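If you want the building blocks of each chain, they are given just below.
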Amino acid sequence: MKKTGFVYDKRYRMHTTFNGHPECSYRLDAILDGLRESGLLEKLLPVVAEPAQQRWIEAVHNIKYIVRFEEACLMGLPDFDHPDNSICRETYDIALLAAGGVLKAIDAMMEGKIDNAFCAVRPPGHHAETDKAMGFCYFNNVAIGARYLQQQWGIKKVGIIDFDVHHGNGTQQIFENDDTVFYYSIHEHPSFAYPGTGREFETGSARGTGYTLNTPILPGRGDMDYRKKLTTDMVPAIKKFEPEVVLLSAGFDAHSADLMSGINLTTEGYKFVSETIINIVNKYAGGRVISVLEGGYNLDVLPVLVADHIRMLAEL
Amino acid sequence: MFVSERMATSLITVVPQTTLAEAKALMDREKIRHLPVVDEKGKLLGIVSDRDMRDAQPSSLLQKEEYDRVFAKVMQHKVADIMTKDPLTISVYYTLQDTLLVMRQRKVGALPVIDEEGCLKGIMSTRDLLNAFVNVMGIGEPGTLLCILVKEQSGQMKKIVDIITEENVSLGSVMVARYWDKDKRAVFPYLMTNNVVRIKEKLVQQGFELIDPMTWYLKQLPGDKQ
């Protein structure tokens, strides 16, 4: 069994979205209830979240964007940059706390207190670009984590694996010219799914050419294509890049019961995804992995998938 | 949907007396493949394409000395000698659809756009046309495509649009496949949102069938019918 850290803070519930919005605080309630009922929660090592210092947010996001976001929340505006991005007065502070939770998990892992961690944070992050909020995301938690690993912990090569059903356009944009962060994403084909990016020919630019890899999956192809493509695309890419640490954008919205997408991945398919990723992380990154919650909107299925994922991390 | 909204208007043109050397330098520098030739009043006289330019150049198989000699001589000619006179043109009142069809029929890569007096107003290339259609389809911006199977009867589209409107979601485009399954049409709204759960639920409640395009595709493959 591994020492798996768990980031959660009840204040993550204070980022409230409009009634009926899929990215709601009930998601975390469902995850917590599931972990409690299965007895998994007590086997995890709690990691206490703190708001991220602004300099780490600035390592990824434009200062003008950060100020614009803070002002939108303070002014009590209903949304930010797009009607999808529902906000409340507390959203800015909670977004800092979400990113900060990831940084605390990184600290605990780098100090050797834990082997790996799952961060049950919200708001999610992978759609957030340098200066644009998109798809329920404001601060790119995983991207901020990657820069923190490099600048605070001297890690040279960070791998990011994104298995949310939507392409992480924000993470791709932030690192597209960068050859020190490898971004891999498997997602529903952009002709059908939000946000319409993440095609095979998007492979990074300038120095970052070859350091972005996208695997679009056609609707309904679920388990079959995920099994095949993770093996043929992701595994060799991670092997070649040899990341020192891997961050996961863990989205659970590719499941057949999640109306957000049409991929039709099964619960078993999700186990394969976690298992394959954790195997290569153990092999090539010394097992150092921080998994960060992104999407996953079906409240019945989400806790099951998260629990399965955490079992793989903790080798239970 | 008129070409005047989509054509390139910052025009690079030459006069008939321009030498090929000048014209070639201009095309290389500006990275353009079509050079309209106009008179002093801006009236379109012809067009020189990169193909015309290449046809005028000596064969690359020639020995270097011979090549350079012929090349230098050729480059002193005027564009009037090689331009296509009275080229195919379109008017500023052409729609994007007209342009699409005429480009397909006449197999041309760019069309000069002229006004009633024959003066050059712009140029419309296949690239401008592609950009226009990306814009029309809305796919340059983030969104989600829905695939809805509807019965062939009136009022179906209204129901769909009403549901989308109720959820305050902006429509990028709607494509309709008129022939899908028997007596059915497929409607593909492109929604400018990530938040499609409620819309999908409401569509199903109102009796619409959401289709998985891949399942449909696989069903159509020959020898795979059940």
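Everything numeric here is computed off the predicted structure, so don't read it as measured data. (Residues numbered from 1 in each chain as written. Chains lettered and ligands numbered in written order. Predicted model: local features only at pLDDT ≥ 70, side-chain atom pairs only at ≥ 80, totals over all residues.)

**Side note on the sheet that holds strand 3 (residues 84-85) of chain B**
Where strands meet in a sheet, backbone hydrogen bonds hold them as pairs that are either parallel or antiparallel. Residue and element names in this part refer to chain B. In space, the three strands of this open sheet follow the order 1-2-3, with antiparallel pairing throughout. Of all the strands in the sheet, the pair left with one neighbour each is strand 1 (34-38) and strand 3. Relative to strand 2 (residues 44-49), strand 1 runs antiparallel, the two being bridged by five bridges. Paired with Val 37 across the two strands is Gly 46, which belongs to strand 2. (Pairing = 2+ DSSP bridges. Helix = DSSP H or I, 4+ residues; strand = E, 2+ residues; numbered from the N terminus.)

**Thoughts on the interface of chain A and chain B**
Between chain A and chain B, the contact holds 23 residues from the first and 18 residues from the second. Among the residues forming the side of chain A that touches chain B, the class breakdown is 13 nonpolar, eight polar and two charged. (Contact = placed C-beta atoms within 7 Å. Nonpolar A, V, L, I, M, F, W, Y, C, P; charged D, E, K, R; others polar.)

**Quick notes on the sheet that holds strand 4 (residues 90-91) of chain B**
One open sheet holds the three strands; their spatial order is 4-5-6 (chain B), and the pairing between them is mixed. Looking along the sheet, the strands with just one partner apiece sit at the ends: strand 4 and strand 6 (120-125) of chain B.

**Details of the nonpolar core**
Within the largest apolar cluster, 123 residues are counted, with the highest numbers of intra-cluster contacts made by Ala99(A), Ala117(A) and Cys119(A). Ranked by size, the runner-up nonpolar core spans 13 residues in total, among them Leu20(B), Ala23(B), Ile47(B) and Val48(B). (Core = buried A, V, L, I, M, F, W, Y, C linked by C-beta atoms within 7 Å. Buried ≥ 20, exposed ≤ 12 C-beta atoms within 10 Å, placed from the backbone.)

**Structural notes on the environment of Met1(A)**
All names here are of chain A. Here Met 1 shows up in the segment before strand 1 (4-7). The exposure class of Met 1 is exposed, given the 8 C-beta atoms found within 10 Å. Sequence spacing of Met 1 and Glu 315 is 314 residues, and the spatial spacing of their C-alpha atoms is 5.0 Å. Ignoring anything within four residues of it in the chain, the contact list for Met 1 reads Ala 314, Glu 315 and Leu 316.

**Let's talk about the pairing of strand 10 (residues 289-293) of chain A**
All names here are of chain A. Of all five residues in strand 10, five are buried; the element is thus mostly enclosed. Examined bridge by bridge, strand 5 (residues 116-119) and strand 10 share four bridges and lie parallel to one another. Within the sheet, the bridge partner assigned to Cys 119 lies in strand 10 and is Val 292. One ladder, built from five bridges, connects strand 9 (residues 245-250) with strand 10; its direction is parallel. Bridged to Leu 247 within strand 10 is Ile 290. In this fold, the crossover linking strand 9 to strand 10 by way of helix 8 (residues 267-284) has right-handed handedness. (Right-handed = clockwise from strand over helix to strand, strands pointing away.)

**Description of the confidence of the model for chain B**
In low-pLDDT regions, the fine details of the predicted coordinates are not to be read closely. Residues and elements named next belong to chain B. For chain B, the average pLDDT comes to 89, and 94% of its residues sit at 70 or higher. Mean pLDDT values for the elements of chain B range from 66 in helix 10 (residues 213-220) up to 96 in helix 5 (residues 79-82). Across the whole predicted complex the pTM is 0.84, and at the interface the ipTM reaches 0.73. (pLDDT = per-residue confidence, 0-100.)

**Digging into the packing of helix 7 (residues 222-241) of chain A against helix 8 of chain A**
Residue and element names in this part refer to chain A. At a closest axis distance of 10 Å, the pairing of helix 7 and helix 8 adopts a crossing angle of 10°. One finds that helix 7 runs roughly parallel with respect to helix 8. Residues Gly 222, Asp 223, Tyr 226, Arg 227, Leu 230, Val 235, Ile 238 and Lys 239 of helix 7 lie in contact with helix 8, whose contacting residues are Glu 268, Gly 269, Phe 272, Val 273, Thr 276, Ile 280 and Tyr 284. Of the residues assigned to the contact of helix 7 with helix 8, the class counts are eight nonpolar, three polar and four charged. (Axes fitted to C-alpha atoms, helices over the stretch in contact; angles between N-to-C directions. Parallel < 35°, antiparallel > 145°, perpendicular 65-115°, else oblique.)

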